[in-house]
Amino acid sequence: MIPKRDKQSVGQRLLAAFRDAGGVEVAPDLLLPAESLLDLYGEDIRARAYVTADPIRGEMMLRPDFTVPVVQAHMQNGAEPARYCYLGEVFRKQDMGDTHPENPRDNEYLQAGFELFSRDPNADAELFALFHDLLAPLNLRAEIGDMGLLLDAVAALPLPDARRDALMHHIWRPGRFSRLLARFGQPTTPRDFPESDAPWAGLRSEDEMIRRIARLNADAAVAPLAPIWSERLDRLFALQAPADQVTPLLRDLAQDMPAIAPAVDRIAARLQAIADRGIDLSAITFDASHGRTTLEYYDGFTFSFAADRAGWPDVASGGRYDALTRVLGKGREIPAVGGIIRPGLVAELEGAA
């Protein structure tokens, strides 16, 4: 067990490095209003937040993450370029599926992080290089991805809006996504719902249920998605290669899926910018599905650094969240990317060295 003071010491060292990179230190409240923020988190954090009812302030939650409150505070004051850093505890419930006998996950742990609000197209590479250099002595496994690649592919499917929106919503839940995609590839027929004199029961009104039945029948009448589209998605989602070899593979996929071509160009430019910072791309894995296992507000570049330890979460992770600034900006927006490091895990790795 690593003493808390050692974790804090590592956290302060990381915080100092983030300040040296231009970050202004911020400290969002430990107890946050739940109503507005919970809707902005993905299902993963939302289900794990500690929420309580305050008789005066209403529903409140212990801080599950720094990014959302930092973005909220920044967008309230405008949409100008800025750099922020922070160090503090976050709180998340853990379930049995996340535990490991040797390394159970903590419900409370330190996060040190850096958030970059910038219109510089090389901001992704700058942030990744910052994290890469800080963590280089630990010999961690680096992986990157891009949610924009997957979102563009799904958005281009020849489906009605309702079906496409359902797939977009569940793209972060691979099992549910696969089941939906399979169902949309099967022919269905509308069903008759016979009239009955039985009294209406349930929480929904009769009008609501009639409209619901009409929507179900309209969906059932939709032609099935051609198998070729599912096959193309499967090829994309399964793509994994060293980062220095992935661009030709992505361009090959873009021949069959033209909608992803702009994302492929962005990825190629980002990889070049990372290489220009002296980072060996052959030591980084590009996983097209990497973003599907990260936070749901990431909508572009994603990255993680992991240790070869059974049951461990990522030592560091991050990504781009442009859409979050648009939601919280109420008419203002600015591209943004950020990431966090877990000082406790760094302290354990350094102690074992």
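Definitions and cut-offs
Residues numbered from 1 in each chain as written. Predicted model: local features only at pLDDT ≥ 70, side-chain atom pairs only at ≥ 80, totals over all residues. Heavy atoms only, no water. Buried < 20%, exposed > 50% of the residue type's maximum accessible area, 1.4 Å probe, protein only. Helix = DSSP H or I, 4+ residues; strand = E, 2+ residues; numbered from the N terminus. pLDDT = per-residue confidence, 0-100. Contact = heavy atoms within 4.5 Å. Core = buried A, V, L, I, M, F, W, Y, C linked by side-chain atoms within 4.5 Å. Salt bridge = Lys/Arg side-chain N within 4 Å of Asp/Glu carboxyl O. Pairing = 2+ DSSP bridges. Axes fitted to C-alpha atoms, helices over the stretch in contact; angles between N-to-C directions. Left-handed = near helix turned anticlockwise from the far one by under 90°. Parallel < 35°, antiparallel > 145°, perpendicular 65-115°, else oblique. Nonpolar A, V, L, I, M, F, W, Y, C, P; charged D, E, K, R; others polar.

Focus on helix H4 (residues 67-76)
H4 sits mainly inside the fold: seven of its ten residues count as buried. Downstream of H4 by a residue or two, Gly78 has a phi angle that is positive, lying close to 130°.

Describing the confidence of the model for the protein chain
On average, the protein chain scores 88 in pLDDT, and the residues at 70 or more come to 87%. Low confidence marks residues 96-103, where pLDDT is under 50. Its contacts with residues over four positions away, or in another chain, come to seven contacts.

A few points about the nonpolar core
Counting residues in hydrophobic clusters, the biggest one holds 75 residues, and the most contacted among them are Phe128, Phe131 and Leu149. Residue contributions to this core peak at eight residues, all from helix H5 (residues 123-135). With near-sequence residues (within four places) excluded, Phe128 lies in contact with Ala142, Ile144, Ile274, Ile279, Ile284, Phe301, Phe303 and Phe305. Formed by 29 residues, the second largest nonpolar core is a distinct cluster that contains Ala49, Leu295, Leu324 and Leu328.

Details of the pattern of salt bridges
Scanning all chains against the criterion turns up 14 salt bridges. A salt bridge links Glu25 to Arg19; the shortest N-O distance between them is 3.1 Å. Residues joined by salt bridges that share partners form a network here, namely Asp124, Asp146, Arg270, Arg320 and Asp322.

Things to note about the sheet that holds strand S5 (residues 82-91)
Read from one edge to the other, the open sheet built from nine strands follows the order S1-S5-S6-S12-S11-S10-S7-S9-S8, with strand pairing classed as mixed. At either margin of the open sheet sits one strand with a lone partner, and together these are strand S1 (24-25) and strand S8 (240-242). Of the strand pairs in this sheet, S5 and strand S6 (residues 108-117) are connected by ten bridges, and their pairing is antiparallel. Residue pairing for S6: Ala82 is matched across the bridge by Phe117. Across the face of the sheet, H5 comes into contact with S5, S6, strand S7 (141-146), strand S9 (284-287), strand S10 (301-306), strand S11 (316-320) and strand S12 (336-341) while running at roughly 10° to S12. Against the sheet, helix H12 (residues 261-275) engages S7, S9 and S10, with an angle of about 150° to S7.

Thoughts on the environment of Glu80
Its place among the elements puts Glu80 in the loop between H4 and S5. Considering only alpha carbons, one finds Glu80 and Pro335, 255 residues apart in sequence, at a separation of 9.9 Å. Look past the residues within four positions of Glu80 in its chain and what remains in contact with it is His74, Phe117 and Ile334.

Examining the packing of helix H1 (residues 4-20) against H5
At a closest axis distance of 12 Å, the pairing of H1 and H5 adopts a crossing angle of 145°. In this structure, H1 crosses over H5, and the sense of that crossing is right-handed. Within the contact between the two elements, H1 uses Leu14, Ala17 and Phe18 and H5 uses Leu130, Phe131 and Leu134.

Some thoughts on helix H14 (residues 343-352)
Along H14, the residues classified as buried are Pro343, Gly344, Leu345, Val346, Ala347 and Leu349. Considering only its buried residues, H14 is in contact with H1, S5, S6, H5 and S12.

Regarding the packing of helix H6 (residues 147-155) against H12
Closest axis-to-axis distance for the H6/H12 pair is 9 Å, and the angle between their directions is 170°. Considering the angle they form, H6 stands roughly antiparallel to H12. Contacts between H6 and H12 pair Gly148, Leu149 and Asp152 from the former with Ala263, Val264, Arg266 and Ile267 from the latter. Residue classes in the contact of H6 with H12 are distributed as four nonpolar, one polar and two charged.

A look at the sheet that holds strand S3 (residues 51-54)
Spatially, the three strands line up as an open sheet ordered S2-S4-S3, and their pairing is antiparallel. Across the chains shown, the open sheet's two edge strands, defined by having one partner strand only, are strand S2 (31-33) and S3. Across the sheet, the mean angle separating the axes of adjacent strands is 40° when strand polarity is ignored. Bridge count for S2 against strand S4 (residues 58-62) is three bridges, and the pairing is antiparallel. Within S4, the position partnered with Leu32 by the bridge is Met61.

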